[in-house]
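Residue-level structural notes
Read off the chains here:
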Amino acid sequence: MPWERPANVPFPNVWWTFEAPDPDREDGALVTYRVEDLTEDRFDDAIKLYTEHFLDDEPLCSYGRVRHIPASYEEMLAFWHYLLSEKFTIVCYKEGSKEMVGANLLSVKMASDKHDLTDLIKTESMQKLVAVNEYMTDTVNLFERYGVDKYLTAYGLSVNSRYRGRGIATEILKARRPICRAFGLRLTSTNFTAIGSQIPAAKVGFKTDLEMQYDEFVKVNPTYTFDGIKSKSLKLMSLPIE
C-alpha cells in the first residue's frame with residue numbers, strides 16, 4: 001500500500017518562510033515568501049505552472065517533447081494528478097499574492113512499493129524518461145545505502161520564470177528538512193536533471209550518490225540516446241535528515 005501522510009501532521013501547513021527580491025519592485029526590495037502544502041483548489045494552477053514553466057525547460061521532458069506530443073502530455077497529466085492527490089506537493093507564494101511562484105512534486109517511496117508503470121506509460125518519450133530515472137535509483141539502491149525503508153522523493157521542481165534568479169529553488173528545497181522531520185522520514189533523495197536544480201540542491205546539503213553524463217546512457221541501453229539534450233548530466237542526490 002502507498003504510504004499515507006500522518007494524521008497528526010496539520011494540512012495544509014506552512015513549512016518554510018524566507019525573504020527574496022520582489023520582481024514587482026524596481027528597487028529589488030525584499031518580500032516574504034512562504035512554502036506550504038498545495039490544496040485541492042489550486043491543483044489546476046499547479047498543472048498550469050508545470051505545463052508553462054517546466055515541460056519545455058526540464059531537460060528530459062524538453063528532449064522528449066512531452067508537451068508537444070498529445071499522448072505523452074496526457075500521460076504526464078495523469079501522473080501529475082496522481083502525485084497531487086497524495087497531498088505531499090508543496091508550493092511557494094509571495095505574501096499578499098495568489099500567484100504561484102514555484103512548486104515541488106513530492107512523494108514518499110517505500111522499499112515495499114513495486115510500482116509497474118507499463119500500463120500507464122506507453123509513449124516512447126515517457127518510457128525513456130522513466131527508464132533513465134529508474135536506472136539511477138536501482139543502481140544506487142538508496143534503501144540499502146542509507147538503511148531506510150522509505151524516503152521522501154520528488155518528480156519535478158518548478159519555478160515561475162518571472163521569479164527565477166532569486167534563489168527561490170534553493171528555498172523550496174530547504175522545506176524538505178522540516179517536512180521529513182514532521183513525517184518521521186530520515187532521508188530525502190531526488191534525481192536532479194539540470195544544473196539549475198543541482199546547484200540549489202548542493203547549497204541545501206544534498207550530496208551526489210551517482211552522476212551520469214547523458215551521453216553515457218547509450219552504454220546502458222542503445223535506445224537511451226540524448227543527442228543535443230540541454231544538460232550535461234543527471235545526478236541522484238540525497239540529504240540524510242538528522
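Since the structure is predicted, the reported quantities are computational estimates derived from the model, not experimental observations.

It is worth spelling out the overall build of the chain at this point. When helices and strands are tallied, the chain shows nine helices and eight strands. Relative to a compact globule of 242 residues, whose C-alpha radius of gyration would be 18 Å, the chain shows 17 Å and is just as compact. When the backbone C-alpha atoms are referred to their principal axes, the chain occupies close to 50 × 40 × 30 Å. Looking at the chain as a whole, 53% of its 242 residues qualify as buried. Per element, the accessible surface of the chain, about 12000 Å² overall, is 50% carbon and sulfur. Put simply, the chain has 30 plus and 36 minus side-chain charges, and the middle of one group is 4 Å from the middle of the other.

The interhelical angle for the contact between helix H3 (residues 70-85) and helix H4 (residues 124-140), taken along N-to-C directions, is 45°, at an axis separation of 8 Å. As summarised for this structure, H3 and H4 are arranged oblique, according to the angle between their axes. Of the residues in H4, those touching H3 at Ser72, Glu75 and Met76 are Ser125, Met126 and Leu129. Grouping the amino acids of the contact of H3 with H4 by side-chain chemistry returns three nonpolar, two polar and one charged.

Of all hydrophobic cores here, the largest spans 44 residues; its most connected members are Leu55, Met76, Trp80, Phe217 and Phe226. With seven residues, the top contributor of residues to this core is H4. Filtering out sequence-adjacent residues up to four positions away, Phe226 remains in contact with Leu60, Tyr63, Lys128, Val132, Tyr214 and Phe217. Counting 36 residues, the second-largest nonpolar core is a separate cluster that includes Cys92, Val159, Tyr163 and Leu185.

Right, let's get into the packing of aromatic side chains. A full pass over the atoms with the stated rule returns 16 aromatic pairs. Look at Phe192 and Phe206: their rings are 5.5 Å apart centre to centre, the planes differ by 80°, and that puts the pair in the edge-to-face class. Taken together, the residues span a long stretch of sequence, with Phe192 in strand S6 (residues 187-192) and Phe206 in the loop between helix H8 (195-204) and strand S7 (207-213) at a distance of 14 residues. For Phe206, a relative accessible area of 2% gives the class buried. Arranged with centres 6.2 Å apart and planes meeting at 45°, the rings of Tyr214 and Phe217 form a pair that is tilted. In terms of burial, Tyr214 and Phe217 fall into one category: buried. Members of the aromatic cluster, each reached through a chain of ring pairs, are Tyr63, Tyr135, Tyr214, Phe217 and Phe226.

Turning to helix H1 (residues 43-53), its buried residues are Phe43, Ala46, Ile47, Leu49, Tyr50, Thr51 and His53. Residues of H1 that are buried make contact with H3, strand S4 (100-110) and strand S5 (150-159).

Our focus in this paragraph is H3. For H3, spanning 16 residues, the distance from its first C-alpha to its last is 23 Å, which sits close to the expected 22 Å at 1.5 Å a residue. Contact partners of the buried residues in H3: H1, helix H2 (59-63), S4, H4 and S5. Where H3 terminates, the next one or two residues include Lys87, which has phi positive at roughly 65°.

Next up on the list: the pairing of strand S8 (residues 233-240). Summarising burial for S8: seven of the eight residues are buried, a large majority. Of the strand pairs in this sheet, S6 and S8 are connected by six bridges, and their pairing is antiparallel. Note that in S8 the partner of Ser189 across the bridge is Ser238. With six bridges connecting them, S7 and S8 associate as antiparallel partners.

The next subject is the environment of Ser125. Within the secondary structure layout, Ser125 lies in helix H4. Note: C-alpha distance between Ser125 and Thr188 (63 residues apart in sequence) is 27 Å. What Ser125 contacts, discounting residues up to four positions off in sequence, is Gly64, Val66, Ile69 and Ser72.

Further remarks concern the environment of Ile241. Note on placement: Ile241 falls in the segment after S8. A sequence separation of 53 residues divides Ile241 from Thr188, and the C-alpha atoms of the two residues are 7.5 Å apart.

Below, the discussion takes up the side chain of Asp22. Along the chain, Asp22 falls in the loop between strand S1 (14-21) and strand S2 (30-37). You can call Asp22 buried: its relative accessible area is 10%. A distance of 3.0 Å separates polar atoms of two side chains, one belonging to Asp22 and the other to Lys94. Non-local contacts of Asp22, meaning those with residues more than four positions away in its chain, are made with Ala29, Val31, Tyr33, Lys94 and Arg166.

About the criteria used
- Residues numbered from 1 in each chain as written.
- Predicted model: local features only at pLDDT ≥ 70, side-chain atom pairs only at ≥ 80, totals over all residues.
- Heavy atoms only, no water.
- Helix = DSSP H or I, 4+ residues; strand = E, 2+ residues; numbered from the N terminus.
- Rg over C-alpha atoms; globule rule 2.2 N^0.38 Å.
- Buried < 20%, exposed > 50% of the residue type's maximum accessible area, 1.4 Å probe, protein only.
- Areas by Shrake-Rupley, 256 points an atom, 1.4 Å probe, with all protein chains shown as cover.
- Lys, Arg positive; Asp, Glu negative; His and termini not counted.
- Charge placed at Lys NZ, Arg CZ, Asp CG, Glu CD.
- Axes fitted to C-alpha atoms, helices over the stretch in contact; angles between N-to-C directions.
- Parallel < 35°, antiparallel > 145°, perpendicular 65-115°, else oblique.
- Contact = heavy atoms within 4.5 Å.
- Nonpolar A, V, L, I, M, F, W, Y, C, P; charged D, E, K, R; others polar.
- Core = buried A, V, L, I, M, F, W, Y, C linked by side-chain atoms within 4.5 Å.
- Phe/Tyr/Trp six-rings, centres within 6.5 Å; stacked < 30°, edge-to-face > 60°.
- Expected span 1.5 Å × (residues − 1).
- Pairing = 2+ DSSP bridges.
- Polar contact = N/O pair within 3.5 Å; in protein donor to acceptor, adjacent residues only side chain to side chain.

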